[in-house]
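Here is how the chains run, residue by residue.
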Amino acid sequence: MPTKISTISIALAAALVWLAPASRAAAAEAGRMDLSNAVIVAPENLGRVEQRAVAVLQEEIERRTGVKLERVGQWPEGDRSVIALGLESQVKQFAGPLAARLDRTRPPGPEGFVLAVERQPRPAAVICAADARGLLYGVGRLLRKLELTKGEIVAPGSLEISTAPRYPLRGHQLGYRPKVNAYDAWSAAQFDQYIRELALFGANSIEIVPPRTDDQKSSPHMQVPPIEMMPRLAEIIDSYGLDVWVWYPNMGKDYVGEAGVKAELAEREDIFKRVKRIDHILVPGGDPGNLTPDVLFPWLEKMAAVLQKYHPNAKIWVSPQAFEPTRAWLDSFFKHVNSRPNWLGGVAFAPWAPTPLPEMRTLVDRDIKIRNYPDITHNVDCQYPVRDWDLAFALTLHRECYNPRPMALKTVQNRYVEYTCGSLTYSEGINDDVNKFVWGDQDWDPSTPVIETLRDYCRLFLGPKSSDDLAQAFLALERNWEGPLAVNRQVDVTLEQWQSLERRAPAETRGQYRFEMGLLRAHYDAYVKRRLVRETELELEALNLLRTLAPAKGALPAIDAADTCLAQAQLAPVAADYKQRCEALAESLFKKIGSQTSVQKTGAQHRTRGAFMDGIDEPLNNVMWLRSEFRRARELTDEPARRDVVDGILNRTNPGPGGFYDSLGEPGGNRRIVNDVRWADDPGTLNSPRITFYYIIDRPQDRDIPLAWKKQACTLYGKPLRLRYENLDPTAAYSVRATYSGRESKLMRLVADERYVVSERIEPRVAIVQEFPIPREATLDGSLELSWSCGEGQRSTEVAEVWLIKRPAGGEK
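Everything in this summary refers to the structure shown in the same document. This is a predicted model, so every value here is computed, not measured.

## As for the packing of helix H10 (residues 293-310) against helix H11 (residues 327-338)
Item 1. Two elements in contact, H10 and H11, have axes whose closest approach is 9 Å; the angle formed by their N-to-C orientations is 25°. As the angle between them shows, H10 and H11 are arranged roughly parallel. You can see that H10 and H11 cross each other, and the crossing is right-handed. Side by side, H10 and H11 meet where Pro-293, Asp-294 and Phe-297 of the first sit next to Trp-329, Ser-332, Phe-333, His-336 and Val-337 of the second.
Item 2. Looking at the contact of H10 with H11 residue by residue, the class counts come to five nonpolar, two polar and one charged.

Dropping the structure here:
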């Protein structure tokens, strides 16, 4: 697993400090301030957490520079530079000649701090904190602003920050369980470092998981069993003075009967007794677990009694997560919440909670806290899917990949944070690393520009030499996903930028796992684009061969020629060097941080769990469906039947004269969808349509379908999916044919113009493609609105393709 970071000896470090006068002079000329020979001044009587903050400052500087700064209890004589830090109650002990100034500028609130640099009477950086956590966050902010290179510690020449967090909850879930894409391979030391880094960006809570969840019992990557790692993680979190949260789903079968309750309580008592510190527990109402509120809340009452036996001040939070909740289920849930059981800490707005957060805030009494529990780790089939994602990316990068989405997630956080006490994010691994730091900074202060966070992130973790260029490169990765991939020039520019950074970056930057994750994504995106363009061209050439050769030479020769054409994607692959670079970087990342990007090669649990390298060559055209049709034609014995198959291929999407065809998941395919809600107002699409992707790759038969079936327009929890048509022939009859290839749709109703029933019962699992006549009354005015909706308690309505077919005069079918 990850190799240890080597440090330079203290003797060599001292030599480096004094052998770099030219660099220090350059820093001074640039208006920056050299602190390479500074001493750390901190009170001797600091508490446990404050002492840890001072140690973090020393260790993180030494890690990057090789310089171990001496710590003293009072300002030294002479003109040696100083980094002074302590609590506001100790100003006179650590601030020296700057004490008077700090008396006038105090931290603005709990967990807050004042950070300033001064040139007179000597170069100094000073941190004055409101409390222990504030001291750690002040250290973090200083480290984020320093330029730390071998032998050099340089501060900005002008820096004055007085800040406190806007929201009291700021944290992230780090689950040590097999399902994740990296955490299960980590040692306690790696968790310690990562938790420290999150704290440096303002996190005050970390959520861990118990040994039993909706998962396998263990992972081949685990260095210690989950039952041993959980208490160790709690100790690490506590050592930084952060709150310990536990995500604890109900995985048992019986929470009512005496035997079942006794067994579940016994398991929890064992956990609560082992874990040193627990401040809060989140119990999901579902996903996983599936208890009715009338069972859930009495059970939590029993669980709370055991919890508070070992952790008297701990609270339990609940979330209204349920895959298919009814109105009655939700009403019962909120009724129990508002009864205010004494163990209740609050409610979590979580993935697959059907009630929009602003509405939830009105349903939950104002004095009951709401924690945001946002999914920042997934791309599709999730709480906040990538907006208008190209199918090629959905098929290859899939649900979990390295996915920096800083601008989108700032929009999401800013939209909802006012209704909450802050956030503790849902994460499944290292893939969302950038997202954690951006979201956490927004919870501290939602007005923080994303570029500021990214510059700090790059300066601290990748080195100061190109921090702005690297920050822009991470932003560019997000722009790679905007709009149709085949014409997105940004993808090529992004790769060029990352390659340029790789050429000029120092070795210590190139070797950082965060750099390698970005570099891999840049190559991967460019490779997928090259393949998409090539395979789209090959499909068009193959269809043209079918169109021209079948009438002239017969169906089988035409099919053979088309098949040979399609095979060029494998026989003459494009951009093979991009793919090889991705594979090399994926191997390096597995060795460094246990990032599992392949089921076979690195032991990822599943294709949807971070194994995006397994999708790098997923077909990006209709080759699988075409070849299944070719096989069907070859099995036929007469030419007219084979020609019918060819005609079916060429005219699959043809609605006929006067008709309309829309592939609803494609760019431009949503032009008929009726939607008056902006994405920025509803990024979770609880009140507006989204695009979903159906690609169950575990079943071979699901591969041989048209690409159009693998993406759908979708609405959630009973919201109607509406399509609008104009300029129809008022004298004609029409029918509607649609493809229902979504994963979740079970039963739908289709209505025209909100009053004419087209079908009361559409069952997608009975037939994927279904056709119904449109009542003539609905199109007499030359327009039509079609509305699909699912029944109560169902998750979604999903429609992939729609044909509006004009029928011959005198008949509706």
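## Observations regarding the side chain of Arg-531
Item 1. Here Arg-531 lies in helix H20 (residues 513-553).
Item 2. The buried category is assigned to Arg-531, whose relative accessible area is 5%.

## Notes on the packing of aromatic side chains
Item 1. Per the counting criterion, the structure on display carries 33 aromatic pairs.
Item 2. Taking 5.7 Å as the distance between ring centres and 5° as the angle between the ring planes, the aromatic pair formed by Trp-329 and Phe-333 counts as stacked. With a gap of four residues between them, Trp-329 and Phe-333 both fall in helix H11, about one helical turn apart.
Item 3. Judged by relative accessible area, Trp-329 falls into the buried class, the value being 11%.
Item 4. In textbook terms, an aromatic cluster arises when at least three aromatic residues are bridged by ring pairs, as seen for Tyr-176, Tyr-183, Trp-186, Phe-191, Tyr-194, Phe-201, Phe-437, Tyr-457, Phe-461, Phe-474, Trp-498 and Phe-515.
Item 5. The ring centre of Trp-444 lies 5.9 Å from the NZ or CZ of Arg-141, which sits over that ring.
Item 6. If you follow Arg-737 out to its NZ or CZ, it ends over the ring of Trp-803, 5.4 Å from the centre.

## Quick look at the pattern of salt bridges
Item 1. Across all of its chains, the model carries 77 salt bridges by this definition.
Item 2. We note a salt bridge from Asp-192 to Arg-52, for which the minimum N-O separation is 3.6 Å. Note that Asp-192 is positioned in helix H7 (residues 188-200) and Arg-52 in helix H3 (residues 48-65), a separation of 140 residues in sequence.
Item 3. Residue class for Asp-192 comes out buried when judged on its relative accessible area of 15%.

## Observations concerning H11
Item 1. Taking 1.5 Å as the rise per residue, H11 with twelve residues should run 16 Å; its terminal C-alpha atoms sit 17 Å apart, in good agreement.
Item 2. All buried positions along H11 are accounted for by Trp-329, Leu-330, Ser-332, Phe-333, Phe-334 and Val-337.
Item 3. Considering only its buried residues, H11 is in contact with H10, strand E14 (315-319), strand E15 (344-349) and helix H12 (357-363).

## Concerning the nonpolar core
Item 1. Membership of the largest hydrophobic core comes to 172 residues, with the highest contact counts inside it found for Ile-83, Ile-281 and Leu-520.
Item 2. Tallying contributions element by element places H20 first for this core, with eleven residues.
Item 3. Ignoring any residue separated from it by four or fewer positions in sequence, one finds Ile-281 in contact with Val-246, Tyr-248, Phe-272, Met-303, Leu-307, Lys-315, Ile-316 and Trp-317.
Item 4. Counting residues in each nonpolar core, the second largest holds 27 residues, with Ala-713, Leu-721, Ala-752 and Ile-762 among its members.

## What to know about the sheet that holds strand E22 (residues 733-739)
Item 1. Ordered in space as E18-E28-E22-E25, the four strands form an open sheet in which the pairing is antiparallel. The open sheet has two edge strands with one neighbour each: strand E18 (660-663) and strand E25 (769-773). Neighbour-to-neighbour, the strand axes of this sheet turn through a mean angle of 15°, independent of strand direction.
Item 2. Two strands pair when backbone bridges link them, and E22 and strand E28 (residues 801-807) are joined in this way by seven bridges, in the antiparallel orientation. From the neighbouring strand, Arg-737 faces E28, where its bridge partner is Trp-803.

What counts as what
- Residues numbered from 1 in each chain as written.
- Predicted model: local features only at pLDDT ≥ 70, side-chain atom pairs only at ≥ 80, totals over all residues.
- Heavy atoms only, no water.
- Axes fitted to C-alpha atoms, helices over the stretch in contact; angles between N-to-C directions.
- Helix = DSSP H or I, 4+ residues; strand = E, 2+ residues; numbered from the N terminus.
- Parallel < 35°, antiparallel > 145°, perpendicular 65-115°, else oblique.
- Left-handed = near helix turned anticlockwise from the far one by under 90°.
- Contact = heavy atoms within 4.5 Å.
- Nonpolar A, V, L, I, M, F, W, Y, C, P; charged D, E, K, R; others polar.
- Buried < 20%, exposed > 50% of the residue type's maximum accessible area, 1.4 Å probe, protein only.
- Phe/Tyr/Trp six-rings, centres within 6.5 Å; stacked < 30°, edge-to-face > 60°.
- Lys NZ or Arg CZ within 6 Å of the ring centre and 35° of its normal.
- Salt bridge = Lys/Arg side-chain N within 4 Å of Asp/Glu carboxyl O.
- Expected span 1.5 Å × (residues − 1).
- Core = buried A, V, L, I, M, F, W, Y, C linked by side-chain atoms within 4.5 Å.
- Pairing = 2+ DSSP bridges.

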